[in-house]
Amino acid sequence: MSLWVLKLCPICLKGPVVRRGKSRMGGLLTKARFECLECGSVFEPVGSAYRYRKISSEHPEMRSYLKTLFRSLDELQELAWKRARESVDRELRAADE
């Protein structure tokens, strides 16, 4: 079962991030994780924070964020919007040249 969590993945800036569960011990225990449907990046909950655990090979520039602990989903979403704004700014500057 998936549950939409973020509209925009902070890594690929394309896909939504959804909640996925992993069953253990015959389905008795479920380990939640959050995965981008577009690039496959994975974020795992650590207490009330989230750790970036799986990097997409398409985005090696994000390697510096690997194992980073984000305080909230809002912080992850803010990173996505910041990266999107930077991307648009780069495209606008390139178009002006």
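Small disclaimer: the values here were computed from a predicted structure and weren't measured. (Residues numbered from 1 in each chain as written. Predicted model: local features only at pLDDT ≥ 70, side-chain atom pairs only at ≥ 80, totals over all residues. Heavy atoms only, no water.)

Some remarks on the overall build of the protein chain
Then, number 1: Broken down by element type, the protein chain carries one helix and six strands.
Then, number 2: Start at the N end of the protein chain and walk to the C end: the helices and strands fall as β-β-β-β-β-β-α.
Then, number 3: Put simply, the protein chain has 97 residues, and 34% of those count as buried.
Then, number 4: Intrachain contacts of the protein chain at a sequence separation of at least 6 include 25% that bridge at least 24 residues. (Helix = DSSP H or I, 4+ residues; strand = E, 2+ residues; numbered from the N terminus. Buried < 20%, exposed > 50% of the residue type's maximum accessible area, 1.4 Å probe, protein only. Contact = heavy atoms within 4.5 Å.)

Comments concerning the pattern of salt bridges
Then, number 1: Tallied over the full model, the rule gives three salt bridges.
Then, number 2: Here Arg33 makes a salt bridge to Glu35, at a shortest N to O gap of 3.1 Å. (Salt bridge = Lys/Arg side-chain N within 4 Å of Asp/Glu carboxyl O.)

Observations concerning helix α1 (residues 73-96)
Then, number 1: Its 24 residues give α1 an end-to-end C-alpha distance of 35 Å, which sits within 8% of 34 Å, the value for a rise of 1.5 Å per residue.
Then, number 2: Of the residues making up α1, those classed as buried are Leu76, Gln77, Leu79, Ala80 and Arg83. (Expected span 1.5 Å × (residues − 1).)

A short note on the packing of aromatic side chains
Then, number 1: Applying the stated criterion across every chain yields a total of two aromatic pairs.
Then, number 2: Ring plane angle 25° and centroid distance 5.1 Å describe the contact between Phe43 and Tyr52, whose orientation is recorded as stacked.
Then, number 3: Under the relative-accessibility criterion, Tyr52 is labelled buried at 0%. (Phe/Tyr/Trp six-rings, centres within 6.5 Å; stacked < 30°, edge-to-face > 60°.)

Notes on the side chain of Glu44
Then, number 1: Relative to the helices and strands, Glu44 resides in strand β4 (residues 42-46).
Then, number 2: Taking the relative accessible area as the measure of exposure, Glu44 reaches 18% and is therefore buried.
Then, number 3: Residues within four places of Glu44 in sequence aside, it is in contact with Lys31, Arg33, Ala49, Tyr50, Arg51 and Arg53.

Some thoughts on the side chain of Glu35
Then, number 1: Structurally, the position occupied by Glu35 is in strand β3 (residues 29-36).
Then, number 2: A relative accessible area of 17% means that Glu35 is categorised as buried.
Then, number 3: At 3.1 Å, the side chain of Glu35 forms a polar contact with the side chain of Arg33.
Then, number 4: Every residue in contact with Glu35, bar those within four places of it in the chain, is listed here: Pro16, Val17, Val18, Arg20, Gly40, Ser41 and Val42. (Polar contact = N/O pair within 3.5 Å; in protein donor to acceptor, adjacent residues only side chain to side chain.)

Here's the deal with the confidence of the model for the protein chain
Then, number 1: With 77% of its residues at a pLDDT of at least 70, the protein chain reaches an overall mean of 77.
Then, number 2: For the protein chain, the element scoring lowest by mean pLDDT is strand β1 (residues 3-6), at 66; β4 scores highest, at 85. (pLDDT = per-residue confidence, 0-100.)

Focus: the environment of Cys39
Then, number 1: In this structure, Cys39 sits in the loop between β3 and β4.
Then, number 2: The sequence separation of Cys39 and Gly15 amounts to 24 residues, and the corresponding C-alpha distance is 7.3 Å.

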